[in-house]
Amino acid sequence: MKIAFLASPRLAAQGALKELVGRYGQTAAADADCIATVGGDGTALKALHTVLPMQAKPVFAMRTEGSVGFLCNPLRTHGLIERLHSAVSVELPVLQAEVEQTEGQRRALFGINEIVLIRQRLQEAKLHVAVDGRQDPMVITGDGLMLATPLGSRAYNRSLGGPHLPLGSSLLALTGIAIRRPADWSQMVLGGRAILDVKVIEAIHHPVRMETVIDTVPNIRRARLFCSRDHTVTLLFDREAQSEFLAPFGRARAEIPT
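Being a predicted model, the structure only gives us computed values, none of them experimental.

### Quick notes on the overall build of the protein
Piece 1. Of the regular secondary structure elements, the protein holds five helices and 16 strands.
Piece 2. Projected onto its principal axes, the C-alpha coordinates of the protein cover approximately 55 × 40 × 30 Å.
Piece 3. The 258 residues of the protein split such that 50% are buried.
Piece 4. For the protein, the accessible surface area stands at approximately 12,200 Å², while carbon and sulfur atoms represent 50% of it.
Piece 5. Here the protein contributes 29 positively and 25 negatively charged side chains, and the mean placements of these two sets differ by 2 Å.

Structure (structure tokens):
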């Protein structure tokens with residue numbers, strides 16, 4: 001089996017990487033059967049973004065001691081091939097954003113857990129928000145908005161009081177960030193085919209940026225956010241690690257194929 005290894009720059013991760021490459025070799029990501037990471041969730045998410053153009057190339061993440069490793073398996077340098085062959089796969093949806101900046105530049109961003117629109121300076125963000133092209137758009141003022149997948153609903157979204165979504169569902173969470181008039185806003189659960197159109201009001205004077213765990217794009221004028229039809233990503237888990245991963249999602253474990 002051909003494996004591409006990716007590791008955190010931390011000393012412990014680099015030491016494990018050296019041992020793993022010595023045992024199994026190192027293959028370029030494009031030519032590998034899977035990506036194996038050493039570090040924490042940040043390293044795992046970086047790998048998941050790396051494989052977005054490489055459909056069906058799974059990621060097997062391993063956590064080093066002291067790392068936040070919600071997405072990770074225990075780190076062991078021996079028996080990796082056997083672990084990969086017996087691993088359980090969990091397919092995750094991917095968010096996509098089509099963005100126009102104030103100077104007219106256009107680009108696409110992807111998010112595994114969430115995509116955030118947030119004020120760029122101390123001035124509050126003013127956002128015109130429409131779901132599925134409805135004729136009754138919302139105009140909100142505050143720090144910004146977040147669109148989260150079921151995976152992301154357990155992290156930043158949860159700290160903002162956003163809805164907890166079952167893993168394996170096609171739902172999305174739309175959560176406000178410090179909305180100025182809370183009575184005018186309710187956190188939302190959207191269907192997986194929902195399309196969110198956001199226009200930044202007075203974008204020059206109240207600048208807004210878009211963030212994922214990988215990218216930051218400043219000076220947003222407008223954006224369309226949705227669950228990508230063309231991209232998914234796959235995590236591999238040891239069976240015991242899969243149980244730990246699914247436990248916070250409760251009954252959702254029954255929805256993940258084994």
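Don't stop here, the text continues.
### Here's the deal with helix H5 (residues 239-246)
Piece 1. Buried within H5 are the following residues: Ala241, Gln242, Phe245 and Leu246. Taken around the axis of H5, the buried residues stretch over an arc of 130 degrees, which confines them to a single face.
Piece 2. Residues of H5 that are buried in the fold lie against strand S4 (73-74), strand S5 (88-101) and strand S16 (220-237).

### A word on the sheet that holds strand S12 (residues 188-190)
Piece 1. Ordered in space as S12-S11-S10-S7-S14-S15, the six strands form an open sheet in which the pairing is antiparallel. In this open sheet, the two strands that pair with only one neighbour each are S12 and strand S15 (216-217).
Piece 2. Of the strand pairs in this sheet, strand S7 (residues 114-119) and strand S10 (residues 144-148) are connected by five bridges, and their pairing is antiparallel. Following the sheet pairing, Ile118 is matched in S10 by Gly144.

### Some points on unusual backbone geometry
Piece 1. Notably, Glu202 is not glycine yet its phi reads approximately 55 degrees, a positive angle.
Piece 2. Residue placement: Glu202 occurs in the loop between strand S13 (195-200) and strand S14 (208-211).
Piece 3. The phi dihedral of Asn219 is positive, around 55 degrees, even though this residue is not glycine.

### Quick look at the side chain of Thr102
Piece 1. Relative to the elements of secondary structure, Thr102 occurs in the loop between S5 and strand S6 (106-111).
Piece 2. Apart from the residues lying within four places of it in its own chain, the contact partners of Thr102 are Ala203, Ile204, Asn219, Ile220 and Arg221.

### Notes on the confidence of the model for the protein
Piece 1. For the protein, per-residue confidence averages 90 on the pLDDT scale, and residues scoring 70 or more make up 97% of the total.
Piece 2. Note that residues 251-258 has pLDDT below 50 and, in this model, 18 contacts with residues that lie over four places away or in other chains.

### Considering the nonpolar core
In summary, soluble globular proteins display a tendency toward joint burial of nonpolar side chains.
Piece 1. Core analysis: the biggest nonpolar cluster contains 30 residues, and Val99, Leu127, Met210, Ile220 and Leu225 have the highest contact counts within it.
Piece 2. Elements that contribute at least two residues to this core include exactly S5, S7, strand S8 (125-131), S10, strand S11 (172-177), S13, S14 and S16.
Piece 3. For Val99, the contacting residues outside a window of four places in its chain are Gln105, Arg106, Arg107, Leu109, Met210, Val217, Ile220, Arg222 and Ala223.
Piece 4. Of all hydrophobic cores here, the second largest spans 27 residues; its members include Ile35, Val59, Leu167 and Phe237.

### Points about the pairing of S8
Piece 1. In terms of burial, S8 is largely enclosed, as five of its seven residues are buried.
Piece 2. Here S8 runs beside strand S9 (residues 138-142); their pairing, made up of five bridges, is antiparallel. Its bridge partner being in S9, Val129 is matched across the sheet by Met138.
Piece 3. From the end of S8 to the start of S9, which pair antiparallel, there are six residues, and Asp132 there has a positive phi angle of about 55 degrees.
Piece 4. Relative to S13, S8 runs antiparallel, the two being bridged by five bridges. Paired with Ala130 across the strands is Asp197, a residue of S13.

### What about the side chain of His231?
Piece 1. Residue placement: His231 occurs in strand S16.
Piece 2. With a relative accessible area of 19%, His231 lands in the buried category.
Piece 3. Polar contacts involving the side chain of His231 include one to the side chain of Ser228, which spans 3.1 Å.
Piece 4. Ignoring sequence-local partners within four residues, the contact set of His231 consists of Leu52, Gln55, Val94, Gln96 and Phe110.

About the criteria used
- Note that residues are indexed from 1 along each chain, following the sequence as it is written.
- Only residues with pLDDT of at least 70 get local features here, since the model is predicted, and only at 80 or more are side-chain atom pairs given and counted; chain-wide, interface and lining totals rely on the full set of residues.
- Values reported for side chains reflect all heavy atoms of the structure, with hydrogen atoms and water molecules removed beforehand.
- Helix and strand assignments follow DSSP, with helices taken as H or I runs no shorter than four residues and strands as E runs no shorter than two, numbered in order from the N terminus.
- Burial classes follow relative accessibility: with a 1.4 Å probe on protein chains only, a residue under 20% of its type's maximum area counts as buried, one over 50% as exposed, and anything between as partly exposed.
- Surface accessibility in these figures is a Shrake-Rupley result with a 1.4 Å probe; residues are shielded only by whichever protein chains are displayed.
- In this tally, Lys and Arg are treated as positive and Asp and Glu as negative; His is ignored, and so are the chain termini.
- We put the charge of a Lys on NZ, of an Arg on CZ, of an Asp on CG and of a Glu on CD.
- Along the arc lie the directions from the helix axis toward the C-beta atoms.
- The contact criterion used throughout is that any non-hydrogen atoms of two residues lie within 4.5 Å.
- DSSP calls a pair of strands paired once it identifies at least 2 bridges connecting them.
- Confidence of the prediction at every residue is given by pLDDT, a number between 0 and 100.
- Take the buried residues of types Ala, Val, Leu, Ile, Met, Phe, Trp, Tyr and Cys, join any two whose side-chain atoms come within 4.5 Å, and each joined set is a nonpolar core.
- Within 3.5 Å is the distance limit for a polar contact, defined as a pair of N or O atoms, with the added protein rule that one can donate a hydrogen and the other accept it, and that residues adjacent in sequence qualify only through two side-chain atoms.

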